[in-house]
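Listed here are the chains, written in short residue letters.
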Amino acid sequence: MYRKDGWGVDSQKAKVYKAERTTAAWKDGRMTVMENIKEVEAYARSVMGDDVVKSKYKELDLVVKEITRKNCKRASGGASYFEDGHVGTMTRVISLPAWSFFKQLILHELAHTIIQSQYKVLSIAFDNKRHVAGHGWQFCKLYLDLVDKFLGREARIDLEMAFEDNRVKFTQPKERKVIQ
Ligand SMILES: [Zn+2]
């Protein structure tokens, strides 16, 4: 199922949010947020500059912005990822309010940027469909891999268990065989 804008229906979003908030890395992160957006940016760039990550991600035109009441009238209080500009001159932007300056949440937003790149959503896909949902299994699988690499195996297991508890899919669904 696709929405009018070509994205898959994002049916896992609420479950992903709920699951990630139960992990130790998330709770610890919220208690010890980074001091400023510069620190967030440095962390994001170190993740995106990693060789394994770079092999999955071609462009590094990433902008990291702080959301404040001044610069965002309709700030919902959450972090987000979006693209700014036009095809060809597109900038990938992650914007975060101060409460969200911690590693696991930054990895969540970076996973969105990588998934967008992998599924070529900047250029118009051949049928104008993205073939992935915002928080679909592909996103969740990559998010787990980033957590594993940058927060450690324990944090990965923690998040994976939280996904399972909340019935979040993070592996490719098996193809259903048609029985005749
Ligand atoms: Zn998200």
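Residues numbered from 1 in each chain as written. Predicted model: local features only at pLDDT ≥ 70, side-chain atom pairs only at ≥ 80, totals over all residues.

J.: Give a description of the overall build of the protein chain that names residues and reports values.
T.: Of the regular secondary structure elements, the protein chain holds 7 helices and 3 strands. For the protein chain, the succession of helices and strands along the chain, N to C, is α-α-α-α-β-β-β-α-α-α. Taken across its 180 residues, the protein chain has 31% of its residues classed as buried. Contacts spanning at least 24 positions in sequence make up 73% of the contacts within the protein chain whose residues lie at least 6 apart. (Helix = DSSP H or I, 4+ residues; strand = E, 2+ residues; numbered from the N terminus. Buried ≥ 20, exposed ≤ 12 C-beta atoms within 10 Å, placed from the backbone. Contact = placed C-beta atoms within 7 Å.)

J.: Explain unusual backbone geometry residue by residue, including any values.
T.: A positive phi angle, near 55°, is found at Arg167, a position not held by glycine. Examined against the element boundaries, Arg167 turns out to sit in the segment after helix H7 (153-165). Overall, Arg167 belongs to the exposed group, with 9 C-beta atoms counted inside 10 Å.

J.: Go over the environment of Pro173, please, and point to the residues and values.
T.: Along the chain, Pro173 falls in the segment after H7. A residue is classified by how many C-beta atoms lie within 10 Å of it, and Pro173, with 7 of them, is exposed. Placed 36 residues apart in sequence, Pro173 and Trp137 show a C-alpha to C-alpha distance of 8.4 Å.

J.: Outline the environment of Gly136, supporting the account with residue identities and numerical values.
T.: With respect to the secondary-structure elements, Gly136 resides in the loop between helix H5 (103-118) and helix H6 (137-151). Judged by the 24 C-beta atoms lying within 10 Å of it, Gly136 is buried.

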